[in-house]
Amino acid sequence: ARDDDEPFVKQLYDDLSICGHRVWWDRVCMPNRALKFTQEIRDAVEKSDRLLLIVGFHALSSDYVKFEWQHALLFSKGVVPILRLGKRNLLPNELRTDDFRLLPKELSKYHCPDFRTSKYYKKSFQELVRILSEPVPKLGSFLTSVPDLPNHFCPRLDYFDWLNHTVLADVERNIVIAPDKRTTVLEGLPGVGKSVIASAFARATETRRSFKDGVIWLTIGEKPDLLKNMKLVGIAFKDVKVYYQSQSVATDRLPQLLVEKVS
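A few points on the structure. The model shown is predicted, which means the values in this text are computed figures rather than measured ones. (Residues numbered from 1 in each chain as written. Predicted model: local features only at pLDDT ≥ 70, side-chain atom pairs only at ≥ 80, totals over all residues. Heavy atoms only, no water.)

### Considerations on the packing of aromatic side chains
Let me state the cut-off plainly: Working definition: rings of Phe, Tyr and Trp (its six-membered ring) pair if their centres are within 6.5 Å, and the pair is stacked with planes under 30 degrees apart, edge-to-face with planes over 60 apart, and tilted otherwise. What counts as a helix is a DSSP run of H or I of at least four residues, what counts as a strand is a run of E of at least two, and both are numbered from the N terminus. Burial status follows relative accessibility: with a 1.4 Å probe on protein chains alone, a residue under 20% of its type maximum counts as buried, one over 50% as exposed, and anything between as partly exposed. The rule for a charge over a ring is simple: NZ of Lys or CZ of Arg within 6 Å of the ring centre, and within 35 degrees of the ring normal.
One pass over the full model with this rule turns up five aromatic pairs. Taking the centre distance of 5.8 Å and the plane angle of 15 degrees together, the rings of Tyr-121 and Phe-125 count as stacked. Placement of the pair is Tyr-121 and Phe-125 together in helix H6 (residues 121-133), with a separation of four residues, close to one helical turn. By relative accessible area, Phe-125 is classed as buried at 10%. Taken together, the ring pairs connect Phe-8, Phe-115, Tyr-121 and Phe-125 into an aromatic cluster. Sitting over the face of the ring of Phe-8, Arg-84 holds its NZ or CZ atom 4.3 Å from the ring centroid.

### Details of unusual backbone geometry
For Ser-76, which is not a glycine, the phi torsion comes out positive at approximately 60 degrees. Its location among the elements puts Ser-76 in the loop between helix H5 (63-74) and strand S2 (78-83). Even without a glycine there, the phi angle at Lys-238 is positive, about 65 degrees. With respect to the secondary-structure elements, Lys-238 resides in the loop between helix H11 (226-236) and helix H12 (247-257).

### Here we look at the environment of Asp-3
On the secondary structure map, Asp-3 appears in helix H1 (residues 2-18). C-alpha separation for the pair Asp-3 and Ile-197, spaced 194 residues apart in sequence, amounts to 38 Å.

### Let's talk about the pairing of S2
Our working rule: Only when DSSP finds a minimum of two bridges between them are two strands counted as paired.
By the criterion of burial, S2 is predominantly enclosed, with six of the six residues buried. Because side chains alternate across S2, one face comprises the buried residues Gly-78, Val-80 and Ile-82, and the other comprises Val-79, Pro-81 and Leu-83, equally buried. With six bridges joining them, strand S1 (residues 50-55) and S2 adopt parallel strand pairing. Of the residues in S2, the one forming a bridge with Leu-53 is Pro-81.

### Details of the environment of Ala-202
What counts is decided by this rule: Here, residues are in contact when the closest pair of their heavy atoms is within 4.5 Å.
Along the chain, the position of Ala-202 falls in helix H9 (residues 194-203). Along the backbone, Ala-202 and Arg-84 are 118 residues apart, and their C-alpha atoms lie at a distance of 34 Å. Once residues lying within four places of it in the same chain are set aside, the contact partners of Ala-202 are Phe-142, Val-146, Thr-207, Arg-208 and Val-215.

Functional significance is not addressed by these values, which are geometric in nature.
Pasting the structure below:
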């Protein structure tokens, strides 16, 4: 947000450019193509690999800034939060550890370089350059077809939080999930949106980054075609079709194929 610390952003822009990074900053890069500036920023975010969020008082309360980093997450861009201003202007020996709690909830578990004081700028900048030198993690691909989301889809963040807390428990916290705890069930009446929520979760950036081997969508139903589903899994992992001509052979084959995927 421009009211936070624009001189700092200018210095960061110049230093990153000198280091060879191609940086888009609206102050110097905004074109005039008869498009609204929100569209120009969306286009810039989609064409970039990462978005740097300079966390300050005004940035945290700005709908424009929130739109930008949420749009980056939507398009699976790497978002790097930078803590610039805390709850109040402090001297170097008064830095508050709870300033990091100011980060938006969606970014609260991201590594956040500390740029709160100019005294440590050089060290913090080196840390930022190190982060930017690493490639953005690739997303796990869809190994089978995953249902599209409806045009009117509106994400239910409470359900997403629950699914993250359950399915991605060992990513969010330092725990080991026992084999008998690795199944999660969405339960509800027909038509309430279980499949839509599951599809949205399967498509989410955090999900696909957590499951790097890929995402498989299987439709079971009350009378499942088990052989068809086992064949879908086998083909998804590029196995030969001959193993899926009978259910007994496929049942023996799949554990061998997936032995490294279920550890």
